[in-house]
Amino acid sequence: SKKLCFLCTSPSELSKSFLQSVKNPDKSAPKDVILALWDLPQREYQLTAVDLVRKYDKYAPADYLNLYEQLITTNSWWDTVDLIASNSVGKSLKKYPDLKDAYLNKWMDSKNIWLQRTCLLFQFYIYYQIKLLLTYFAPSSDGSGILMSS
């Protein structure tokens, strides 16, 4: 299906004022708004939905992994899948480690290229976290703990 685009300087123009207006008292992204944006034909709306997901992803409950899966497998494009996979999925699987194996195994076995790509990008998220830790912290020479490296 053909995707229609609005003529604007950047997709972020559309989402910036919208995201500022969205307030959710329970601090999780409102699923109904995300799905409504996702179903619109213009790419800018889907990118705005991703921005909304990312705005609240640190507060996302465990069941948002199902929402991410739905977004990843419908209207799939490189940019939206990569943003969801490398940020929201990574944060959720780090926050809920007991779900990691179930979701990653299910997605790898799914034969869906976008879910398999998500598994790969999740590994990059974890690698970056470990690299950051190893880059800035090192064992102390006397073995008593870690020191911040300069």
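Chemist: Break down the nonpolar core for me, with residues and values.
Modeler: With 26 residues, the main nonpolar core has Y68, I72, I84 and W107 as its most contacted residues. With six residues, the top contributor of residues to this core is helix α4 (residues 64-73). Not counting residues within four places of it along the chain, the set of residues in contact with Y68 comprises V53, D57, A60, I84, S88, V89 and S92.

Chemist: Can you explain the packing of α4 against helix α6 (residues 100-109)? Please cite residues and give values.
Modeler: A pair of packed helices is characterised by two quantities: the angle between their axes and the separation of those axes. Direction vectors running N to C along α4 and α6 enclose 20°, while the axes themselves pass 12 Å from each other. Regarding the angle of α4 to α6, the classification is roughly parallel. In terms of crossing hand, the pair formed by α4 and α6 is right-handed. Counted together, L65, N66 and E69 of α4 and Y103, K106 and W107 of α6 form the full contact between these two elements. Among the residues making up the contact of α4 with α6, the classes are represented as three nonpolar, one polar and two charged.

Chemist: With reference to specific residues and values, describe the confidence of the model for the chain.
Modeler: Parts of the prediction with low pLDDT should not have their coordinates interpreted in detail. This prediction gives the chain a mean pLDDT of 79; 63% of its residues lie at or above 70. Within the chain, the lowest mean pLDDT, 52, falls on strand β2 (residues 146-148), and the highest, 97, falls on α4. Note on residues 1-9: pLDDT is under 50 here. Beyond four places in sequence and across chains, it has 17 contacts.

Chemist: Any details on the environment of P30? Residues and values, ideally.
Modeler: Assignment of secondary structure puts P30 in the loop between α1 (11-21) and α2 (31-39). With 26 residues separating them along the chain, P30 and Y56 place their C-alpha atoms 9.0 Å apart.

Chemist: Run through the environment of S92, naming residues and quoting values.
Modeler: Position of S92 among the secondary structure elements: in helix α5 (residues 78-95). Linking S92 and P61, residues 31 residues apart in sequence, is a C-alpha distance of 7.9 Å.

Chemist: Break down α5 for me, with residues and values.
Modeler: For the α-helix, the turn length of 3.6 residues means that residues three or four positions removed from each other point alike. The terminal C-alpha atoms of α5 lie 25 Å apart, and with 18 residues this matches the ideal 26 Å at 1.5 Å per residue to within 8%. The largest bend in α5 comes to about 35°, at A85. Considered for burial, the residues of α5 that qualify are T80, V81, I84, A85, N87, S88, V89, G90, S92 and L93.

Calculation criteria
- Every chain begins its residue count from 1, and numbering advances along the sequence as written.
- With pLDDT at 70 or above as the cut-off, local features in this predicted model cover only qualifying residues; side-chain atom pairs require 80 or more to be listed or tallied, and sums for whole chains, interfaces and linings still use all residues.
- Side-chain metrics rest on all non-hydrogen atoms present in the structure, leaving aside hydrogens and water.
- Remark: nonpolar core denotes a set of buried residues (Ala, Val, Leu, Ile, Met, Phe, Trp, Tyr, Cys) joined through side-chain atoms within 4.5 Å.
- When a residue's accessible area, from a 1.4 Å probe over protein chains only, is under 20% of the maximum for its type it is buried; when over 50% it is exposed; and in between it is partly exposed.
- We count a stretch as a helix when DSSP gives it H or I for four or more residues in a row; a strand needs E for two or more, and each element gets its number in order from the N terminus.
- Contacts between residues were defined by any pair of non-hydrogen atoms, one from each residue, lying within 4.5 Å.
- To obtain an axis, a line is fitted to C-alpha atoms, over the contacting stretch when the element is a helix, and the angle between two such axes runs from 0 to 180 degrees between their N-to-C directions.
- Angle categories: roughly parallel below 35 degrees, roughly antiparallel above 145, roughly perpendicular from 65 to 115, and oblique for all the rest.
- Rotating anticlockwise by less than a right angle from the far helix to the near helix defines a left-handed crossing, while the corresponding clockwise rotation defines a right-handed one.
- Gly is placed with the polar residues, together with every amino acid not listed as nonpolar (Ala, Val, Leu, Ile, Met, Phe, Trp, Tyr, Cys and Pro) or charged (Asp, Glu, Lys and Arg).
- On a scale of 0 to 100, pLDDT captures the predictor's confidence in every residue.
- Here the expected span of a helix is defined as 1.5 Å times the quantity of residues minus one.
- Two axes are fitted around each residue, one to the seven residues ending there and one to the seven starting there, and the angle between them is reported as the bend at that residue.

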